[in-house]
Amino acid sequence: MILDNITEEINKANNIVILTHETPDGDAIGSSLALYGALKATGKKADVIIPEYPQVFSFLPWYEEIKKESKEEKYDLAISLDCSDIKRLNGFAEYFENAKTKIVIDHHGSNTMFGDYNYVNPNSPATCEILISVFEYMGIEVNKGIGTCLATGIITDTGGFRHSTVKPETFEFTAELLNKGVNISSIYRRVLQIISMKQFEIRRIALNRMEFLEDGKIAFTYITKQEQEEMNLQTGDHEGIVEFGRDVEGVEVSIFLRELPEGGYKASFRSNEYVNVSDVCLMFGGGGHPKAAGCTILLPLEQAKEKLISQTKMYLK
Ligand code: AMP
Ligand code: MN
Ligand code: MN
């Protein structure tokens with residue numbers, strides 16, 4: 001049983017590094033800090049390395065203990081959370097590759113299984129939900145602090161319990177977390193409702209130029225490098241834009257492009273009913289989940305738009 005291997009490796013290791021995907025979201029940060037808190041509780045030495053992360057998560061326990069880099073040459077054990085592919089490991093693939101043992105815990109169907117032990121469940125709505133069963137198996141008690149981190153990942157990755165990925169267990173786990181004193185309503189408001197003035201302004205720009213193509217089945221918009229620089233946007237400030245397109249009646253696929261500092265575009269895809277956007281993104285070297293996926297495309301705006309839309313069109317009914 002893989003959970004036996006994972007437990008054994010964690011027990012054996014003296015220094016552990018926790019890594020997650022670039023442009024980390026609530027599930028990435030929540031799962032990393034939940035595991036960090038759990039390892040700390042069992043007396044293990046661990047580092048969480050995340051070079052850039054959204055301020056919105058600064059209410060999470062152990063947030064100040066996140067490291068931007070590490071002086072450690074080699075870890076006994078590296079654990080990658082919520083990351084489908086070694087290329088997305090935040091530029092920290094070498095910590096992972098250099099570690100004696102490598103564990104991958106994730107819920108992306110497109111996971112490339114890049115660890116020695118891969119605990120991947122695509123049916124789980126969030127990596128944080130998978131961690132609950134890992135902690136249970138290892139006999140680690142989920143206290144209020146760990147629970148706050150776990151609830152953050154579950155709430156963000158399920159869009160506030162709205163996605164079709166939600167299972168009865170999702171509510172059961174959340175009910176347990178409520179019982180432990182985790183403030184679900186406050187987390188929900190912090191991570192899904194409140195936006196900064198900057199976020200409001202970038203949404204205004206993106207929505208203003210949103211187009212509806214293919215009889216309104218595709219919503220498309222973008223933001224430029226210049227706009228992001230002028231507004232001094234930080235990691236995560238663009239979150240939420242792609243969902244606006246998805247929520248318009250008749251839209252099946254929403255596409256949002258964000259120009260990258262180094263050139264090219266990061267594309268975010270969301271779908272409603274039947275298009276598997278992970279399949280679309282796999283064609284461009286990306287991936288994700290059936291209804292939420294992404295990829296990077298190194299082309300000028302018009303060409304990128306044309307390529308992504310013509311690929312998406314093939315999946316429309
Ligand atoms: P995003 O649109 O960035 O919020 O990403 C939506 C989902 O797709 C997340 O689960 C990501 O982990 C996944 N994803 C985004 N970009 C990529 C990529 N380049 N390669 C693989 N998966 C991705
Ligand atoms: Mn994630
Ligand atoms: Mn996730």
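Above this note sits the structure.
As a starting point, this report considers the structure included with it. (Residues numbered from 1 in each chain as written. Chains lettered and ligands numbered in written order. Predicted model: local features only at pLDDT ≥ 70, side-chain atom pairs only at ≥ 80, totals over all residues. Heavy atoms only, no water.)

Points about the pattern of salt bridges
Part 1 of the argument: Here the structure, examined in full by the defined rule, presents 13 salt bridges.
Part 2 of the argument: A salt bridge links Lys305 to Glu211, with the shortest nitrogen-to-oxygen separation between them at 2.7 Å. Taken together, the residues Lys305 in helix α12 (residues 301-313) and Glu211 in strand β6 (residues 211-213) connect sequence positions 94 residues apart.
Part 3 of the argument: Judged by relative accessible area, Lys305 falls into the buried class, the value being 14%. (Salt bridge = Lys/Arg side-chain N within 4 Å of Asp/Glu carboxyl O. Helix = DSSP H or I, 4+ residues; strand = E, 2+ residues; numbered from the N terminus. Buried < 20%, exposed > 50% of the residue type's maximum accessible area, 1.4 Å probe, protein only.)

Details of the coordination of the manganese ion (ligand 2)
Part 1 of the argument: Only His21 (NE2), Asp25 (OD), Asp25 (OD) and Asp82 (OD) from the protein reach the manganese ion (ligand 2) as donors, at distances of 2.1 to 2.6 Å.
Part 2 of the argument: If you list the donors of the manganese ion (ligand 2) from N- to C-terminus, the spacing comes out as H-x3-D-x56-D.
Part 3 of the argument: In this structure, the manganese ion (ligand 2) lies 3.5 Å from the manganese ion (ligand 3), and both are coordinated by Asp82. Highlighted residues: His21 in the loop between β1 (15-20) and α2 (26-41) and Asp82 in the loop between β3 (77-81) and α3 (93-98), separated in sequence by 61 residues.
Part 4 of the argument: Note on His21: relative accessible area 4%, which makes it buried.
Part 5 of the argument: Overall, Asp82 belongs to the buried group, its relative accessible area being 1%. (Donors = N, O, S within 2.8 Å, 3.2 Å for Na, K, Ca; no water.)

Focus on unusual backbone geometry
Part 1 of the argument: The residue Thr23 is not glycine, and still its phi comes out positive at about 40°.
Part 2 of the argument: Position of Thr23 relative to the elements: it lies in the loop between β1 and α2.
Part 3 of the argument: Unlike most non-glycine residues, Glu214 shows phi in positive territory, near 50°.

So, the site of ligand 1
Part 1 of the argument: Neighbouring ligand 1 are 14 residues; Arg88, His108, Lys266, Ser268 and Arg270 lie closest to it.
Part 2 of the argument: A distance of 2.9 Å is found between an oxygen atom of ligand 1 and a side-chain nitrogen or oxygen belonging to His108.
Part 3 of the argument: Measuring from an oxygen atom of ligand 1, one finds a side-chain N or O atom of Ser268 at 2.6 Å.
Part 4 of the argument: Protein burial of ligand 1: of its 480 Å² of free accessible surface, 88% is covered by the chains.
Part 5 of the argument: Looking at the shell around ligand 1, the elements with two or more residues in it are β9 (265-271), β10 (287-289) and β11 (292-297).
Part 6 of the argument: Looking at which element gives the most residues to the shell around ligand 1, the answer is β11, with four residues. (Near = heavy atom within 4 Å. Polar contact = N/O pair within 3.5 Å; in protein donor to acceptor, adjacent residues only side chain to side chain. Areas by Shrake-Rupley, 256 points an atom, 1.4 Å probe, with all protein chains shown as cover.)

Remarks on helix α7 (residues 184-193)
Part 1 of the argument: Residues Ile184, Ile187 and Val191 constitute the buried set of α7. Projected down its long axis, α7 shows its buried positions confined to an angular sector of 65°, all on one face.
Part 2 of the argument: Buried-residue contacts for α7 involve α5 (144-157) and α6 (168-179). (Arc of directions from axis to C-beta. Contact = heavy atoms within 4.5 Å.)

Quick word on the coordination of the manganese ion (ligand 3)
Part 1 of the argument: Those donors, Asp27 (OD), Asp82 (OD), His107 (NE2) and Asp157 (OD), are the protein atoms that reach the manganese ion (ligand 3), and they lie 2.1 to 2.2 Å from it.
Part 2 of the argument: Spacing between the donor residues of the manganese ion (ligand 3) along their common chain follows D-x54-D-x24-H-x49-D.

A word on α5
Part 1 of the argument: Across its 14 residues, α5 extends 20 Å between first and last C-alpha, which sits within 8% of the 20 Å expected from 1.5 Å per residue.
Part 2 of the argument: With a side-chain oxygen positioned 3.2 Å from the backbone nitrogen of Gly145, the residue opening α5 is Asn143.
Part 3 of the argument: Two residues or fewer after α5 comes Gly159, characterised by a positive phi angle close to 60°. (Expected span 1.5 Å × (residues − 1).)

Focus: the pairing of strand β7 (residues 218-223)
Part 1 of the argument: Judged by how many residues are buried, β7 sits mostly within the fold: six of six residues are covered.
Part 2 of the argument: Burial of the side chains of β7 extends over both faces: Ile218, Phe220 and Tyr222 are buried on one face and Ala219, Thr221 and Ile223 on the other.
Part 3 of the argument: Note that β6 and β7 share three bridges and pair antiparallel. When the bridges of β7 are listed, Phe212 appears paired with Ala219.
Part 4 of the argument: Where β6 folds back onto β7 in an antiparallel hairpin, the turn is made up of four residues, including Glu214, whose phi is positive at roughly 50°.
Part 5 of the argument: Strand direction decides the pairing type here: β7 and strand β8 (residues 253-259), joined by six bridges, are parallel. Note that in β8 the partner of Ala219 across the bridge is Ser254. (Pairing = 2+ DSSP bridges.)

By themselves, these figures tell us nothing about what the structure is for.
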